[in-house]
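Architecture and fold: a report
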Amino acid sequence: MKFRFFLLLLFCIFFTSFSNAQVSLGSDLSDIDYNTPKEYEIGGITVTGVQFLDNNMLIMISGLAVGDKITIPGDKISGAIDKLWEQGLFENIKITATKIQGHTIFLDIFLQERPRLSKFKFIGVRKGEADKIREEIKLSSGDVVTENVVTRTKNAIVKYFDKKGYLNATADIKQIPDTAISNSVMLYISIQKNKRVKIADINIHDNQNISDGKIRRAMKETKQKRIFHIFKSSKFIEEDYKADLEKVIEKYNELGYRDAKIVKDSVSRINNKLINVDVWVYEGKKYYFNNISFVGNTKYTSKQLGDILKIRKGDIYNQTTLTKNLSFNPSGYDISSLYMDDGYLFFQAIPVEVQVNNDSIDIEIRIREGKQARINKVTVKGNTKTNDHVIIREIKTIPGQMFSRADIIRTTRELAQLRYFNAETLKPVPTPNPENGTVDIEYQVEETSSDQVELSGGWGGGMVVGTLGLSFNNFSAKNLFNGKAWRPLPAGDGQKLSLRGQTNGQYYYSVSASFTEPWLGGKKPNAFSVSVYHSKQTNGLASDNSGYASLSINGFTLGLGKRVKWPDDFFTIYHAISLQNYTLKNYGSLFSFSDGYANNLNYSLTIARNSIDAPIYARSGSEISLTMQLTPPYSLFQNRDFAHQTDQERYKFLEYHKWKFKASWFFNLTGKWVLNTKAKFGFVGYYNKDVGYPPFERFYLGGDGLSGYSVDGRELVALRGYGNNTLTPLDRRGYPIGGNVFDKYTVELRYPLSLNPNATIYGLTFLEGGNAWAAFKQFNPFNMYKSAGFGIRIFLPMFGMLGLDWGYGFDKVPGLPDAAGGQFHFSINQSID
């Protein structure tokens, strides 16, 4: 009996090594002889102890089944325990024989489940940061809480903060039983970020030919602690650091050191706040291109390909330049573009080093032209709001045409310019079909909000004016009476509807509405637009009061635009006819007459070219436009002495000609840095010197380009670093009367902080200069008011582009001692531009 007890004890000890997993018998079934294994047939299996799991599934996992032959003691029981234990769901497993009838045995599997997670809470971090950590750790209520889960959660939190430079972050997790839910625990996750660890110095060793500074600059994300690193902090992130070491080798390769390598590197702690980075390099020999030859080319001659490759014998051996000029050069033409724009989708150019002689390398470029491919199917995926026809009409890749990479790039740009989709994720996916020489193209788009709300306050005319504007940029007029299409408004046809209102709540209000159909008739890109507006300003008295004064403005504009293909297909032409009526009643504060009216009937023509690559954060391309605005020359058709007529008679029908030019160029300097240079000019002229310049349609320069209201067709031109309208010609009383000619020049250096379509953010620094004059004969392009400063732009789909700038005006303004100096400027929808 003692011997049996001893064997039973050994048996139990063996299975408790599986953390309380064991097999045993019921207390009344002690007649099993463990010295003599005996075979039984399983007559029944029960499962006890579980609350949340399926019994039949657990029996299946165990590998035991009714009718199976098992030996006790034997491997099948221990194997069943192993299989259940591997699930990680239990903290105690016990298999018990509940009854034995002859050679039939009945088993019970007792399972004690691990506790489940009811909820978890973060301690020591802000709510916004806690929300981001939740996405990283991926914990959910109902999860089984195991040691592995706890360890994985700690590691995920530490890794999250490592990526942000908090290398000393710790996480402590406490499990608290939840008395409200059976077998459940709450996790209290206590986080200590501690101080962010900075890189004190990056030390470069064994470099002879490339300076320390140039190597450090090649490390785009890993920077040592210096005050001039404005847009990059000196935090240490392991993943970025490893990538930057590869960039160091790329820099060496670009300079001809093709054998360069990182010998070793080390990261050493100075203290809890600072670390040092040491990098040892092997530079090797500097190489040069020798003979470059092409083989396999039949479509183009070797000379033609060599002219595009732009690499000559004796040039530094730059692997990056070789690769770019063979394929996908972002800033110029390449050999792949030459072939692929002519249908050679299956084209390949493989450079091979055929001979290395001292420091010179012969390159053989092996061309595989393949067959020309035609476009088979063109599809669009991801447009959940915009109708297919709106997208298809912008697509340049047409089924049946020869494949062209340039057409794909152009289509991607045109879809981005719609502003209905995320420009950063817009992706063309060509699927070649080599067996029949065709290609299917799918454009993958991601809808983003394009509607905008303008809610602002401004100061003008000595009053605060509130503005509410709504712009629906993907409207559908044909579904106005389709109730199912209102989500919340009918959308998807690419039309634009804008509504805007201004008021100060007492004696000024203005309302306007506009509608644009970009494809009039649906077959050609002819844009038709119509707008109407009405405003009224009074002195606040009742209309029946003898002192009542008012100015009413009513107007409308009809416009028709067209895309043209000459000189190239980036050009557009826009025509517009506008009519404004100004009615004055006892209103003498702005004009030289107080009672009467003025009419402004004008025709405008705008010729524009837009080739920028993205509408929100452009990196390349340009925007150029020339606008001419004309009224009929009424005075030339009338035999009247306008010099001796009253202003009311002179301005019943305004006559003038107005010219505006603006240009903006974008250059991708390096990485994400973008240089934007801009120039603007404006001029208002007259037909008859006796009529002179009109009191309307003038330019007001200075400030942020925002104003509470405008009653005379004036154009506000921003110039940062100076007060609003302070650079505008004054009348004898010292009030701004507007300039008839102006110029403005701007240079901006931009860097993106976020390219998320839901919140695009970039910082900028600028230099700016400009001036305004009363007459063209006073114009001097070198007489400028100059400023410099910095700012930030935030694009929110609902509100458009918002900006905040600080500018410093360097030049004093005569008569306005406070006009220059440090100024903050707020802008809405590019009003600063």
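Residues numbered from 1 in each chain as written. Predicted model: local features only at pLDDT ≥ 70, side-chain atom pairs only at ≥ 80, totals over all residues. Heavy atoms only, no water.

**Digging into the overall build of the protein chain**
For clarity, the threshold we go by: Runs of H or I in DSSP of at least four residues are treated as helices and runs of E of at least two as strands, each being numbered from the N terminus. Think of it in three bands: residues with accessible area under 20% of the maximum for their type are buried, residues over 50% are exposed, and the middle band is partly exposed, with areas taken using a 1.4 Å probe on protein chains only. Here, two residues are considered to be in contact whenever any of their heavy atoms come within 4.5 Å of each other. For the area figures, the Shrake-Rupley method with a 1.4 Å probe applies, and any residue is considered shielded solely by the protein chains shown. His is not counted here, nor are the chain ends, while Lys and Arg score as positive and Asp and Glu score as negative. A charged residue contributes its charge at one atom only: NZ of Lys, CZ of Arg, CG of Asp or CD of Glu.
Across its full length, the protein chain holds 13 helices and 35 strands. Dimensions of the protein chain, computed from C-alpha atoms along their principal axes, come out at roughly 140 × 85 × 65 Å. A burial count over the protein chain gives 43% of its 833 residues as buried. A sequence separation of at least 24 residues applies to 60% of the contacts in the protein chain between residues at least 6 apart. Of the accessible surface of the protein chain, which amounts to about 42,800 Å², a share of 55% is contributed by carbon and sulfur atoms. One way to put it: in the protein chain the 101 positive side-chain charges average out to a point 3 Å from where the 84 negative ones average out.

**Digging into the pairing of strand 5 (residues 104-113)**
The criterion, for reference: Two strands form a pair only when DSSP identifies at least two bridges running between them.
Here strand 2 (residues 38-48) pairs with strand 5 via 7 bridges, running parallel. Looking at the pairing, Thr-48 lines up with Phe-110 of strand 5. When strand 4 (residues 90-101) meets strand 5, the two strands line up antiparallel, connected through 10 bridges. Its bridge partner being in strand 5, Ile-100 is matched across the sheet by Ile-105. In sequence, strand 4 turns back onto strand 5 through a hairpin of 2 residues, with Gly-102 there showing a positive phi of about 65 degrees.

**Brief notes about unusual backbone geometry**
Between Trp-566 and the following residue, Pro-567, the backbone shows a cis peptide bond with an omega angle of 5 degrees. By the secondary structure assignment, Pro-567 is in the loop between strand 23 (550-563) and strand 24 (571-585). In this model, Asn-586 sits at a positive phi of 55 degrees, which is unusual for a non-glycine residue. Mapped onto the elements, Asn-586 comes out in the loop between strand 24 and strand 25 (596-610). Given a relative accessible area of 40%, Asn-586 falls into the partly exposed group. With a phi angle near 65 degrees, Asn-725 is a residue other than glycine that sits in the positive phi range. Tracing the chain through its elements places Asn-725 in the loop between strand 30 (715-717) and strand 31 (741-756). Accessibility expressed as a relative area gives 21% for Asn-725, which makes it partly exposed.

**Regarding the environment of Asp-54**
Heads up, the rule is: Between N or O atoms, a polar contact is any pair within 3.5 Å; within protein, one atom must be a potential hydrogen donor and the other a potential acceptor, and residues adjacent in sequence are included only when both atoms are from side chains.
Within the element layout of this structure, Asp-54 appears in the loop between strand 2 and helix 2 (55-62). Of note is the side chain of Asp-54, whose polar atom sits 2.9 Å from the backbone nitrogen of Met-57.

**Considering the sheet that holds strand 11 (residues 274-282)**
Test applied: Only the stretch in contact is used when a helix axis is fitted, and all axes are lines through C-alpha atoms; the angle between N-to-C directions ranges over 0 to 180 degrees.
Strand order in the open sheet formed by 3 strands is 9-11-10, with mixed pairing between adjacent strands. Where the open sheet ends on each side, the last strands, each with one partner, are strand 9 (198-205) and strand 10 (261-269). The sheet shows a mean angle of 15 degrees between the axes of neighbouring strands, direction not considered. Relative to strand 11, strand 10 runs antiparallel, the two being bridged by 8 bridges. Counterpart to Asp-265 in the pairing with strand 11 is Val-279.

**What about the packing of aromatic side chains?**
Formally: Pairing of aromatic side chains requires ring centres within 6.5 Å, counting the rings of Phe and Tyr and the six-membered ring of Trp. Pairs whose planes differ by under 30 degrees are stacked, by over 60 edge-to-face, and all others tilted.
Scanning the entire structure with this criterion turns up 25 aromatic pairs. Pairing Phe-161 with Tyr-166 gives two aromatic rings, centres 6.0 Å apart and planes at 90 degrees, and the pair type is edge-to-face. For Phe-161, a relative accessible area of 0% gives the class buried. Taking 5.7 Å as the distance between ring centres and 85 degrees as the angle between the ring planes, the aromatic pair formed by Tyr-252 and Tyr-257 counts as edge-to-face.

**Observations concerning helix 3 (residues 75-85)**
Put simply, the rule is: The arc under discussion is defined with respect to the helix axis, by the directions toward the C-beta atoms.
Within the span of helix 3, buried status applies to Ile-77, Ser-78, Ala-80, Ile-81 and Leu-84. The arc that holds every buried residue of helix 3, seen down its axis, measures 155 degrees, which confines them to one face.

**Examining the packing of helix 2 against helix 3**
Rule in force here: Oblique is the label for every angle not falling under 35 degrees (roughly parallel), over 145 degrees (roughly antiparallel), or within 65 to 115 degrees (roughly perpendicular). When residues are sorted by character, Ala, Val, Leu, Ile, Met, Phe, Trp, Tyr, Cys and Pro go into the nonpolar class, Asp, Glu, Lys and Arg into the charged class, and all the rest, Gly among them, into the polar class.
Helix 3 packs onto helix 2 with a crossing angle of 120 degrees between their chain directions and a minimal axis gap of 8 Å. Classified by the interaxial angle, the pair formed by helix 2 and helix 3 is oblique. Along the contact surface, helix 2 presents Leu-58, Ile-61 and Ser-62, while helix 3 presents Ala-80, Lys-83 and Leu-84. For the contact of helix 2 with helix 3, a count of residues per class yields 4 nonpolar, 1 polar and 1 charged.

**Thoughts on the nonpolar core**
The cut-off we apply is this: In these notes, a set of buried Ala, Val, Leu, Ile, Met, Phe, Trp, Tyr and Cys residues joined through side-chain atoms within 4.5 Å is what counts as a nonpolar core.
Core analysis: the largest hydrophobic core is formed by 27 residues, its most contacted members being Leu-551, Tyr-582, Leu-584, Leu-701, Tyr-722, Leu-727 and Val-813. In terms of nonpolar packing, the next biggest core, distinct from the first, is built from 23 residues, Phe-122, Leu-139, Val-150 and Leu-187 among them.

**Points about the pattern of salt bridges**
Using the following cut-off: Take a side-chain nitrogen of Lys or Arg and a carboxyl oxygen of Asp or Glu: if they are within 4 Å of each other, that pair is a salt bridge.
On inspection of all chains with the given rule, the structure shows 36 salt bridges. What emerges from the salt-bridge pattern is a single network uniting Lys-678, Arg-720, Lys-744, Glu-748, Arg-750, Glu-768, Arg-793 and Asp-805.

**What about the environment of Ser-664?**
Position of Ser-664 among the secondary structure elements: in strand 27 (residues 657-670). For the pair formed by Ser-664 and Asp-833, sequence separation is 169 residues and the distance between their alpha carbons is 9.7 Å. Beyond its immediate chain neighbours, meaning those up to four positions away, Ser-664 contacts Gly-621, Ser-622, Glu-623, Asn-676, Thr-677 and Lys-678.

**Here we look at the pairing of strand 20 (residues 495-503)**
When strand 20 meets strand 21 (residues 508-517), the two strands line up antiparallel, connected through 8 bridges. Residue pairing for strand 21: Leu-497 is matched across the bridge by Phe-515. In this antiparallel pair of consecutive strands, strand 20 and strand 21, the connection spans 4 residues, and Gly-505 shows a positive phi of 85 degrees.

**Quick word on the side chain of Arg-114**
The residue Arg-114 is located in the loop between strand 5 and strand 6 (116-123) in this model. Here Phe-90 takes part through its backbone oxygen, which lies 3.3 Å from a polar atom of the side chain of Arg-114. For Arg-114, the residues in contact, after removing those within four places along its chain, are Trp-85, Gly-88, Leu-89, Phe-90, Glu-91, Val-144, Val-145, Thr-146 and Asn-183.

**Description of the environment of Trp-280**
Looking at the element boundaries, Trp-280 is found in strand 11. Residues contacting Trp-280, with those up to four places away along its chain left out, are His-205, Asp-206, Lys-261, Ile-262, Val-263, Lys-264, Asp-265 and Ser-266.

**With respect to the confidence of the model for the protein chain**
Basically, it comes down to this: On a range of 0 to 100, pLDDT expresses the predictor's confidence in each residue.
Across the protein chain, pLDDT averages 87, with 92% of residues at or above 70. With pLDDT under 50 throughout, residues 1-30 is counted as low confidence; its partners more than four residues away or in other chains account for 46 contacts.

**Examining a nonpolar patch on the surface**
How we decide: Nonpolar side chains (Val, Leu, Ile, Met, Phe, Trp, Tyr) within 5 Å and like charges within 9 Å form the patches, drawn only from residues with over 30% relative accessible area and no salt bridge.
Side chains of Val-532, Phe-556, Leu-558, Ile-577, Leu-579, Leu-601 and Tyr-603 sit close together on the surface and give an oily, nonpolar patch of about 540 Å² of accessible area. Here Val-532 is to be found in strand 22 (residues 526-538). Note on Val-532: relative accessible area 43%, which makes it partly exposed.

**A few points about the sheet that holds strand 7 (residues 170-177)**
One open sheet holds the 3 strands; their spatial order is 6-8-7, and the pairing between them is mixed. Only two strands of the sheet have a single neighbouring strand rather than two, namely strand 6 and strand 7. Adjacent strand axes in the sheet meet at a mean angle of 20 degrees when their direction is disregarded. Sheet topology places strand 7 next to strand 8 (residues 184-192); 8 bridges connect them, and they run antiparallel. Bridging from a neighbouring strand, Ile-173 pairs with Ile-189 of strand 8. Against the sheet, helix 4 (residues 127-137) contacts strand 6 and strand 8, and its axis sits at roughly 140 degrees relative to strand 6. Each of strand 6, strand 7 and strand 8 is contacted by helix 5 (residues 147-162), which is oriented at about 145 degrees to strand 7, the strand it contacts most.

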